[in-house]
Amino acid sequence: MVIKETDFSRLNEKLVDNPSAKFFICMRNIPAYVKNEQIMECPVLSPSNKLANNYRLGLIDPCQFYTNYYNELKSPICQELMKSILSISKNYDIYIVNINKDVRLLLLDILENIK
């Protein structure tokens, strides 16, 4: 199976296109209407609110954002969750879902390196 990424705005489309896939929503403020047996909420894999806000406001540059986010993902909880995602990906297609493409791509890169 394979690990892919998609924007949150395309979630419904991907749910229909691939009904057997598992979706990991890596966002802090997930809308309450997002409930489905294919969906797992993973807010711990999203950048902290402080980091995301500093990046959006231009208080830190992209390099600082990537470095700090990468360091946040080194926490034991994040590492275990990512290993769990990799385990699930052996049997299902996986989608990493987030609004920010940079976040999705960094997560995919880290997951690829854990393998």
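Shown above is the structure to which this text applies.
Being a predicted model, the structure only gives us computed values, none of them experimental. (Residues numbered from 1 in each chain as written. Predicted model: local features only at pLDDT ≥ 70, side-chain atom pairs only at ≥ 80, totals over all residues. Heavy atoms only, no water.)

A.B. asks: Just give me the short version of the nonpolar core, but keep the residues and values in it.
C.D. replies: By size, the foremost hydrophobic cluster in this structure holds 23 residues, and its most contacted members are Leu 45, Leu 73, Met 82, Ile 96 and Leu 107. Mapped by element, the contributors of at least two residues to this core are helix 3 (62-72), helix 4 (76-88), strand 4 (94-98) and helix 5 (101-114). The biggest single contributor to this core is helix 5, with 6 residues. Ignoring anything within four residues of it in the chain, the contact list for Leu 73 reads Leu 45, Cys 78, Gln 79, Met 82, Leu 107 and Ile 110. Among the nonpolar cores identified, the runner-up in size contains 11 residues, and Leu 15, Phe 23, Ile 25 and Tyr 95 belong to it. (Core = buried A, V, L, I, M, F, W, Y, C linked by side-chain atoms within 4.5 Å. Buried < 20%, exposed > 50% of the residue type's maximum accessible area, 1.4 Å probe, protein only. Helix = DSSP H or I, 4+ residues; strand = E, 2+ residues; numbered from the N terminus. Contact = heavy atoms within 4.5 Å.)

A.B. asks: Before we move on, can you summarise the pattern of salt bridges with the specific residues and values?
C.D. replies: This structure, assessed with the given rule, holds 3 salt bridges. A salt bridge links Arg 104 to Glu 5; its shortest N-O distance comes to 2.5 Å. One end of the pair, Arg 104, is in helix 5; the other, Glu 5, is in strand 1 (residues 3-7), and 99 residues separate them in sequence. Residue class for Arg 104 comes out buried when judged on its relative accessible area of 5%. Linked by salt bridges that have partners in common, Glu 5, Asp 7 and Arg 104 make up one network. (Salt bridge = Lys/Arg side-chain N within 4 Å of Asp/Glu carboxyl O.)

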